[in-house]
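Here is what each chain is made of, one letter per residue.
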Amino acid sequence: MDVVFDNLDRFAAGMGTTVSLTVLSWLGAFVIGVVVASLRVGPILPLRGVGTVYVEAIRNCPLTVLFAVFFFGFPSIGILFESNFISSVIVLSVYTGAFVAETVRAGVNTVAPGQVEAARSLGLGFSQVLGLVVLPQALRSVVGPLGSLFSALIRNSSIAYTIGLVELTGTAQQLSVSTAQFVAVFAGAALAYLALTLPAGAVVGVIERRVAIKR
Amino acid sequence: MTAALVGDELGPRGRRRVMIGSVVAAVGSVALVVVALRRFAARGQLDAELWSILIEPGVVRFFLGGLANTLKAAAAGMVGAVAIGAVMALGRLSRRRPLRWLAGLYVEFFRGFPLLLLILFSAYGLPRLGIRWPLFWYLVLGLAVYNGAVLAEIFRAGILSLDRGQSEAALTVGLTEGQSMRLVVLPQALRRMAPAIVGQLIVLLKDTSIGYFVQYPELLRRAQSTGTFDGNTLQALLAAAALYIAVNLILSRVARRLEVRQRRRYGGTIQVAGGPEDLVAVETAPDRSR
């Protein structure tokens, strides 16, 4: 394991990139997800259609393909970002956003219809019903699934290596090639990921219990 | 599709606003598509020859060969994953503590880090350790090991979702524990799991695109080569994306149909706590009746 301890700085840098990539992408994905879920439960048919097409297309396309299309394909229509990091945040947000949208929508389905009816009879409009009554309850009921999406995002951020962004997995790949110590380097990287995903899961568990709706 | 959250029938004012909103949204969406197409056209990306290369017989064969490689890897990976998943699920439900512990460790470990890392290790690390296989099997190994851990959780949830009375009754009529699992519990649990298993197959199929990183000639790698060779990277990659989406939509349709049939005949399907990463299982949450 010497090779890991000798290169702790590089592992730490890789982990740092993984973490910032994950956190920024999660913010983007959450915003996209809530907006798209709102479109899909709203009364305006064309917007529901847009939401559905987005979710179905993105969910059924591999993340690696999205990275390739965005990074290798889009420059020919003039969409090009200087920074690999920003490109990666965009792709990861768009991808994860589709799953967040589906999860939030599943959460909306768990809110009792009486809640909507009561809010309507108090005279609230659609956005008030959604924002003040339905979404707060819906989000509370899907904290667990959103948490597994977050863990999945930590793991998925490794696919940014498609476009040469060197995060934790990229660091491991480079180190293993330069030192030829495959087992030690990959074991180190796997443990580093576990050091991120396991605490994240534990935190989600705590939040889930805190906000659980008691009936 | 979920019903819109508007409660009862809308009044005249509400209907008018929905109508206006619909028109604005429709015009806006069409305008966006037009802007995108004009952008393609302005950069010459709509030129016929860039797209028509894609339907030349040689290119079509090359693409379909890539798709076949993708499907082959997914099929082999799925067989391995189901085998591993079944063993690990039974391990986690075993009465022997060390077995439970080992299976739990396996599941938690392999779900905790990226599949890409696993496959890079499999393809570049294993040969150094003297394990030399064709490239295909390194990819399949990675897919099976990772998805086996996820399937183990699905299987376990499916088995646990069954009423305890089923296995108790089986033991009471004199079946051994193995017989009760094989003859009573598993046949019923498998039906409940079917939609989630097909859902995981979609995840696995998408995961095969990681073969791209280890030079396995699957669909994405083939599309990339075509694009580089013919100078139509954007078009080739979009075509590959469309193929992936088409195949997965068909599989999702199958999953949904299984789920509906399951719900009609036997009540709920399983919901996996912590879920497979792509959460087809969330959709199978019991409360979808409204």
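Computed from a predicted structure; not experimentally measured.

Chemist: Just give me the short version of the overall build of chain B, but keep the residues and values in it.
Modeler: A tally of helices and strands in chain B yields eleven helices and zero strands. Along the chain direction, N to C, the helices and strands of chain B fall in the order α-α-α-α-α-α-α-α-α-α-α. Residues classed as buried in chain B amount to 47% of the 290 residues present. A fraction of 72% describes how many contacts in chain B between residues 6 or more apart in sequence connect residues 24 or more apart. Only carbon and sulfur atoms are counted for the fraction: they give 64% of the accessible area of chain B, which is about 14,700 Å².

Chemist: Now, about the overall build of chain A: what can you tell me, with residues and values included?
Modeler: Summing up its helical and strand segments, chain A has ten helices and zero strands in all. Ordered by position from the N terminus, the helices and strands of chain A form the series α-α-α-α-α-α-α-α-α-α. In terms of overall dimensions, chain A has a C-alpha envelope of 70 × 45 × 25 Å along the principal axes. By residue count, 55% of the 215 residues in chain A fall in the buried class. When the accessible surface of chain A is totalled, it reaches about 8,500 Å², and 69% of it is carbon and sulfur. Each charge sign in chain A was given a centre, from 12 positive and 9 negative side chains, and these centres are 17 Å apart.

Chemist: I'd like to hear about the side chain of A:Arg40, residue by residue, with values.
Modeler: Residues and elements named next belong to chain A. Positionally, arginine 40 belongs in helix H2 (residues 8-41). Take arginine 40: its relative accessible area is 5%, and that puts it in the buried class. For arginine 40, the side chain forms a polar contact with the side chain of glutamate 102, separated by 2.6 Å. What arginine 40 contacts, discounting residues up to four positions off in sequence, is Arg48, Gly51, Thr52, Val55, Glu102 and Arg105.

Chemist: Kindly report on the layout of surface pockets, identifying the contributing residues and their values.
Modeler: For the largest pocket, the calculated volume is near 1,200 Å³. Lining the largest pocket are 26 residues, and of these A:Val53, A:Tyr54, A:Ile58, A:Phe74 and B:Ala36 lie nearest its centre. Elements represented by at least two residues in the lining of the largest pocket include exactly helix H3 (45-59), helix H4 (63-73) and helix H5 (84-110) of chain A together with helix H1 (12-42) and helix H10 (233-266) of chain B. Tallying contributions element by element places H1(B) first for the lining of the largest pocket, with eight residues.

Chemist: Tell me about helix H4 (residues 97-110) of chain B, residues and numbers included.
Modeler: All names here are of chain B. Compared with the 20 Å implied by 1.5 Å per residue over 14 residues, the 20 Å span of H4 between its first and last C-alpha is a close match. Of the residues making up H4, those classed as buried are Ala103, Gly104, Tyr106, Val107 and Phe110. Each buried residue of H4 sits inside an arc of 155° when the element is viewed along its axis, so together they form one side. Opposite its buried face, H4 presents the exposed residues Arg97, Pro98, Trp101 and Leu102, each directed more than 90 degrees away. Where H4 is buried, its residues touch helix H3 (57-92), helix H5 (115-128) and helix H6 (135-160).

Chemist: Provide a residue-level description of the interface of chain B and chain A, including the pertinent values.
Modeler: Each side of the interface is counted separately: chain B has 61 residues, and chain A has 66 residues. When the two sides are added together, the surface that chain B and chain A hide from each other amounts to roughly 5,600 Å², 68% of it contributed by carbon and sulfur. Taken together, the links from chain B to chain A amount to zero salt bridges. Counting the contacts that link chain B with chain A gives ten residue pairs in polar contact (both at pLDDT 80 or more). Only H1, H4, H5, helix H8 (177-207), helix H9 (219-230), H10 and helix H11 (280-283) of chain B provide two or more residues apiece to the side of chain B that touches chain A. It is H10(B) that provides the largest number of residues to the side of chain B that touches chain A, a total of eleven residues. Partitioning the side of chain B that touches chain A into residue classes produces 34 nonpolar, 14 polar and 13 charged.

Chemist: Describe the environment of B:Gly104, with residues and values.
Modeler: Here B:Gly104 shows up in helix H4. Sequence separation of B:Gly104 and B:Val247 is 143 residues, and the distance between their C-alpha atoms is 33 Å.

Chemist: Break down the confidence of the model for chain B for me, with residues and values.
Modeler: Residues and elements named next belong to chain B. Residues with a pLDDT of 70 or more make up 89% of chain B, whose mean pLDDT is 88. Averaged pLDDT values over the elements of chain B bottom out at 38 in H11 and peak at 96 in H3. Low pLDDT (under 50) marks residues 273-290, which in the prediction has 51 contacts with non-local residues, meaning those over four places away or in another chain. Among the scores for the predicted complex, ipTM is 0.93 and pTM is 0.90.

Chemist: Before we move on, can you summarise the nonpolar core with the specific residues and values?
Modeler: Formed by 125 residues in total, the largest nonpolar core has its most connected members in A:Phe67, A:Val108, A:Val134, B:Phe63, B:Leu117 and B:Phe213. With 14 residues, H6(B) is the single largest residue contributor to this core.

Chemist: Summarise the packing of aromatic side chains; cite the residues concerned and give the values.
Modeler: All names here are of chain B. Scanning the entire structure with this criterion turns up 16 aromatic pairs over all chains. Where phenylalanine 136 meets tryptophan 137, the ring centres are 4.9 Å apart and the plane angle is 85°; that geometry is what we call edge-to-face. We classify phenylalanine 136 as buried; its relative accessible area is 17%. Grouped by ring-pair contacts, the aromatic residues Tyr106, Phe109, Phe110 and Phe113 constitute a single cluster.

Chemist: Tell me what's going on with the pattern of salt bridges, and back it up with residues and numbers.
Modeler: All names here are of chain A. Per the counting criterion, the structure on display carries eight salt bridges over all chains. Linking arginine 59 and glutamate 56 is a salt bridge whose minimum nitrogen-to-oxygen distance equals 3.8 Å. Residue arginine 59 and its partner glutamate 56 are both found in helix H3; the two are separated by three residues, about one turn of the helix. The same class applies to arginine 59 and to glutamate 56, which are both buried. In the salt-bridge network here, residues are joined through shared partners; they are Arg40, Glu102 and Arg105.

Chemist: Explain unusual backbone geometry to me, and be specific about the residues and the numbers.
Modeler: Backbone geometry at A:Ala180 places phi at a positive 60°, although glycine is not the residue there. Position of A:Ala180 among the secondary structure elements: in the loop between helix H9 (168-179) and helix H10 (182-211). A positive phi angle, near 70°, is found at B:Gln215, a position not held by glycine. Topologically, B:Gln215 is positioned in the loop between H8 and H9. A relative accessible area of 47% places B:Gln215 in the partly exposed class.

Chemist: How would you explain H1(B) if you had to name every residue and give the values?
Modeler: With 31 residues, H1(B) extends 45 Å from end C-alpha to end C-alpha; this agrees with the ideal 45 Å at 1.5 Å per step. Downstream of H1(B) by a residue or two, B:Gly44 has a phi angle that is positive, lying close to 75°.

Conventions used here
Residues numbered from 1 in each chain as written. Chains lettered and ligands numbered in written order. Predicted model: local features only at pLDDT ≥ 70, side-chain atom pairs only at ≥ 80, totals over all residues. Heavy atoms only, no water. Helix = DSSP H or I, 4+ residues; strand = E, 2+ residues; numbered from the N terminus. Buried < 20%, exposed > 50% of the residue type's maximum accessible area, 1.4 Å probe, protein only. Contact = heavy atoms within 4.5 Å. Areas by Shrake-Rupley, 256 points an atom, 1.4 Å probe, with all protein chains shown as cover. Lys, Arg positive; Asp, Glu negative; His and termini not counted. Charge placed at Lys NZ, Arg CZ, Asp CG, Glu CD. Polar contact = N/O pair within 3.5 Å; in protein donor to acceptor, adjacent residues only side chain to side chain. 1 Å grid on protein atoms, 1.4 Å probe; cavity = no way out; pocket = protein on both sides within 12 Å on 5 of 7 lines; lining within 4 Å. Points joined across faces, edges and corners; volume = space filled by probe spheres on them. Expected span 1.5 Å × (residues − 1). Arc of directions from axis to C-beta. Buried area = accessible area lost by both parts, 1.4 Å probe. Salt bridge = Lys/Arg side-chain N within 4 Å of Asp/Glu carboxyl O. Nonpolar A, V, L, I, M, F, W, Y, C, P; charged D, E, K, R; others polar. pLDDT = per-residue confidence, 0-100. Core = buried A, V, L, I, M, F, W, Y, C linked by side-chain atoms within 4.5 Å. Phe/Tyr/Trp six-rings, centres within 6.5 Å; stacked < 30°, edge-to-face > 60°.

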